[in-house]
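# Summary of the model geometry
The primary structure of each chain is shown beneath.
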Amino acid sequence: MTLASRITIDPASCHGKPCVRGVRYPVESILEWLAAGMSMDEILADYPDLEREDILASLDFAARRAHNKRIDRVAA
């Protein structure tokens, strides 16, 4: 299973938000846990049905979504 294939989007699950392997863990939650300072080991201990590759897939998904060729700045 590739990292990209671990992320699923299903309109019938989690309001269509990108989730990990269809197990109803939204990518945004995993990113929020990491941003709050949780380590991968802490996340895996708290959520035993997640795998290390799921966290990496969430980071990969976010990196691909953030990739822009150009960002237009709006004057303040």
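Note: the structure precedes this text.
Report on the accompanying structure. On a predicted model such as this, the values are computed, not experimentally measured, just so you know.

Reading the values: the criteria
Think of each chain on its own: its residues are numbered from 1, step by step along the sequence as written. At least 70 in pLDDT is required for a residue's local features to be given in this predicted model, at least 80 for side-chain atom pairs to be given and counted, and no such filter applies to totals for whole chains, interfaces and linings, which use all residues. To get the side-chain values, take all heavy atoms of the structure and skip hydrogens and water. Only centres within 6.5 Å qualify two rings of Phe, Tyr or Trp (six-membered ring in Trp) as a pair; their planes then separate them into stacked at under 30 degrees, edge-to-face at over 60, and tilted for everything else. Under the scheme used here, helices are H or I runs from DSSP no shorter than 4 residues and strands are E runs no shorter than 2 residues, and both carry numbers assigned from the N terminus. Think of it in three bands: with a 1.4 Å probe and only protein chains considered, a residue is buried below 20% of the maximum accessible area for its type, exposed above 50%, and partly exposed in between. Helix span, expected: 1.5 Å multiplied by one less than the number of residues in the helix. The arc in question is the one traced by the directions running from the helix axis out to the C-beta atoms. Note on contacts: a residue pair qualifies if any of its non-hydrogen atoms lie within 4.5 Å across the two residues. For the purposes of this analysis, a disulfide is any pair of cysteine sulfur atoms at a distance within 2.5 Å.

### Quick word on the packing of aromatic side chains
- Under the definition given, this model contains 3 aromatic pairs.
- Between tyrosine 25 and tyrosine 47, the aromatic rings sit 5.5 Å apart at their centres with planes inclined by 75 degrees, giving edge-to-face as the arrangement. Of the two residues, tyrosine 25 is situated in the loop between strand 2 (19-20) and helix 1 (27-35) and tyrosine 47 in the loop between helix 2 (40-46) and helix 3 (52-66); the sequence distance between them amounts to 22 residues.
- A residue is classified by how much of its surface remains accessible, and tyrosine 47, at 24% relative accessible area, is partly exposed.

### Focus: helix 3
- Taking 1.5 Å of rise per residue, the 15 residues of helix 3 would be expected to cover 21 Å, and the 21 Å separating its terminal C-alpha atoms lies within 8% of that figure.
- For helix 3, every residue scored as buried is listed here: Asp54, Ile55, Ala57, Ser58 and Phe61. An end-on view of helix 3 places all buried positions within 160 degrees of arc, on one side of the element.
- Considering only its buried residues, helix 3 is in contact with strand 1 (7-8), strand 2, helix 1 and helix 2.

### Quick notes on the state of the cysteines
- Within the structure shown, the criterion is met by 0 disulfides.
- The thiol of cysteine 19 is not disulfide-bonded; the next cysteine sulfur, from cysteine 14, is found 3.5 Å away.

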